[in-house]
Amino acid sequence: MLCQALRRFGKKLVRKHPLELPVAETAPARSLSTLDLVVLGVGNTLGVSVYILVGEVARDQAGPSLVISILVAGLTSVLAGLCYGEISARVPHSGSAYLYSYVTVGELWAFITGWFLILTTFAHIGIRIWAWTLFFDNLFGNKFSLTLQETFLPQAPGVFVEILGFIIMFLLLLIMELLTRNIRQLSLVTKMLTLVKVLALGFVIISGFLKGDLHNWKLTEDDYIKAGLNDTSSLGLLGSGGFVPFGFQGILRGSATCIYAFTGFNIIVTRVELAQNPKCSIPKSIMISLFICFLVYFGVSVALTLMVPYYQLQPGSALPEAFLHIGWAPAYHFVNVGFFCSLSTKVFGNMFPIRQQVYMMAKDGLLFPVLTRIQTGTYMPILATMIIFIVATIMAFFLGFTDLLDLRSIGALLVFTLLAFIVLILRYQPERKNGGKETEGNEAEVQENRPAAESLTLQALFFPGNPTPTALSGWVVSVCSSLLVLLLTLLCLVLARWPVLLSGDPVWITVVVLLLVLITGMTGVIWRQPQSSSPIHFKVPGLPLLPLLSIFLNIYLMMQMTAGTWALFGSWVLVGFAIYFGYGIRHSQIP
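Residues numbered from 1 in each chain as written. Predicted model: local features only at pLDDT ≥ 70, side-chain atom pairs only at ≥ 80, totals over all residues. Heavy atoms only, no water.

As annotated in an unreviewed UniProt entry, the protein chain is Cationic amino acid transporter C-terminal domain-containing protein from Canis lupus familiaris. Quoted verbatim from the Sequence similarities (unreviewed entry) heading of the UniProt record, the comment on the protein chain is "Belongs to the amino acid-polyamine-organocation (APC) superfamily. Cationic amino acid transporter (CAT) (TC 2.A.3.3) family." What the UniProt record of the protein chain gives under Subcellular location (unreviewed entry) is the line "Endomembrane system". (UniProt positions renumbered as here; feature names shortened; annotations may be inferred.)

Given below as structure tokens:
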């Protein structure tokens, strides 16, 4: 009885969402070309991060080596984009990583993914509120808080003035969101704003190469002393000078934070129903938009760190202030216009992803049924938008800008890891009948038709006898992939102690060598298994190496997050598990 109960419980955790009718039969007119999707992806990705995040990371985490952090974050995001591309080609339906997980690996992982996406979207809206606050503060010459205090609360403590500032930003963004909900020309407006901010960033890049000084990549302690920042030999938070003032750890920490800069491309997968030829255009537009964004981020990082010594970058206004530093005052206003356009493109339609995510999970029975009304009627979406903004404003006030960035980044990295894991497993699975829906009859048929010679032996692991995937080879890949994720996690934990490894400690070096041997062996087992030959428009090249590299980079960057970030994230996960195991698993709409 206990075994049967556990088996039923396990089946509930991995039950999969059946796909509905093909999109072509029910979708509205397909109007988005590949170019439209690329503009959408670039517009949603090149936002607040290029104006605020770049300066924050350069000043406090990486210094001029920010360019390496951008390179690592870009590589990590490109690998994730490849995985998004293959899964979107396999499941050409509008949705997100939540839907992809539900269709491919089962309910528990889908809930975890959706729960992570809700958190990261809340964090993203909180970052937007911070960004608008910083923008207006800079617009008033860094006197926004002072102006509020003199006008409204002359005798109030600073904390109340800060609260008032967040309330004003909340009301402003809420009004802008509600006013733009039903604009029919939204796509044209987005294109125009995206063009302006790309032109502004192009101007920044060209200016950096014209007015940059390579000496800013070779700063020493004497430069700090001459600038009046240090009169002792201790540089404190300014680092140790040179191109890598905060050391290798600073590069890694900066890479983890910079992941946020590339997370906007996933909006493309929510437009499948409007895309022309989605199986081809969705993967292509994801890769093109990521490549464009990487070039822009890399160019801006090089230009900024060449124009201004990293320790003189102003928090919240690094790019505009850089032109005041080099004496180009008129350019300051032009770059601020680009900053405004970047913030504005994030307003238009930004509430849709989080409302859609909550609606999908509630419709599937994983969240409370009252939440299905979040996308229906006239007043419920407005009320939902207000509640979302209130929660995000509270998060922005209590957590701060850096904490919100880290929460957004860690959630994105976990979703990227899951997508790479899905791609790794799906490529080696046998074809399923009836659109991937499994029934007891199908399972019995598979068992009856399974060849008698199909048994797990050492020879079968490295020399499988069937050129096409079988149930056994698919099971082998699933087990090996799960073990590889565990081994890669252990390897990342050990590599996080890299100063000890560099000291030549034989114990830790032996552990690393053993882990690498096990990882290599299991990777070889997966590589020897037959892959699915189903024709799809886009496949991740280099399996199983690229998905495994993606998993490794994602986990290693997550190791760079602070303990406080992990505590916040762990609390969110515990709340999610309480909801799922207390309600969702019993009310799921999937039989």
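Trainee: Sorry, what's going on with helix H14 (residues 318–325) here?
Mentor: For an α-helix, the turn length of 3.6 residues means that residues three or four places apart are oriented alike. Along H14, six of the eight residues are buried, which leaves the element largely enclosed by surrounding structure. For H14, the complete set of buried residues consists of Ala318, Leu319, Pro320, Glu321, Ala322 and Phe323. After H14 finishes, the residue Gly327 shows a positive phi value of roughly 90°. (Buried < 20%, exposed > 50% of the residue type's maximum accessible area, 1.4 Å probe, protein only. Helix = DSSP H or I, 4+ residues; strand = E, 2+ residues; numbered from the N terminus.)

Trainee: Help me out: how do you make sense of the packing of aromatic side chains in this one?
Mentor: Any two aromatic rings considered together are summarised by their centre-to-centre distance and by the angle between their planes. Summed over the entire model, instances satisfying the criterion amount to 22 aromatic pairs. With a centroid separation of 5.7 Å and an interplanar angle of 70°, the aromatic rings of Tyr98 and Tyr102 are classed as edge-to-face. Taken together, the positions of Tyr98 and Tyr102, both in helix H6 (residues 97–104) and four residues apart, correspond to about one turn of that helix. Each of the two residues, Tyr98 as well as Tyr102, counts as buried. (Phe/Tyr/Trp six-rings, centres within 6.5 Å; stacked < 30°, edge-to-face > 60°.)

Trainee: Hey, could you run me through the nonpolar core in this one?
Mentor: Core analysis: the biggest nonpolar cluster contains 165 residues, and Tyr51, Tyr84 and Leu367 have the highest contact counts within it. In terms of residues, this core owes the most to one element, helix H7 (residues 107–139), which gives 20 residues. Apart from residues lying up to four places away in sequence, Tyr51 is in contact with Lys197, Ala200, Leu201, Ala318, Leu319, Val335, Gly338, Phe339 and Ser342. (Core = buried A, V, L, I, M, F, W, Y, C linked by side-chain atoms within 4.5 Å. Contact = heavy atoms within 4.5 Å.)

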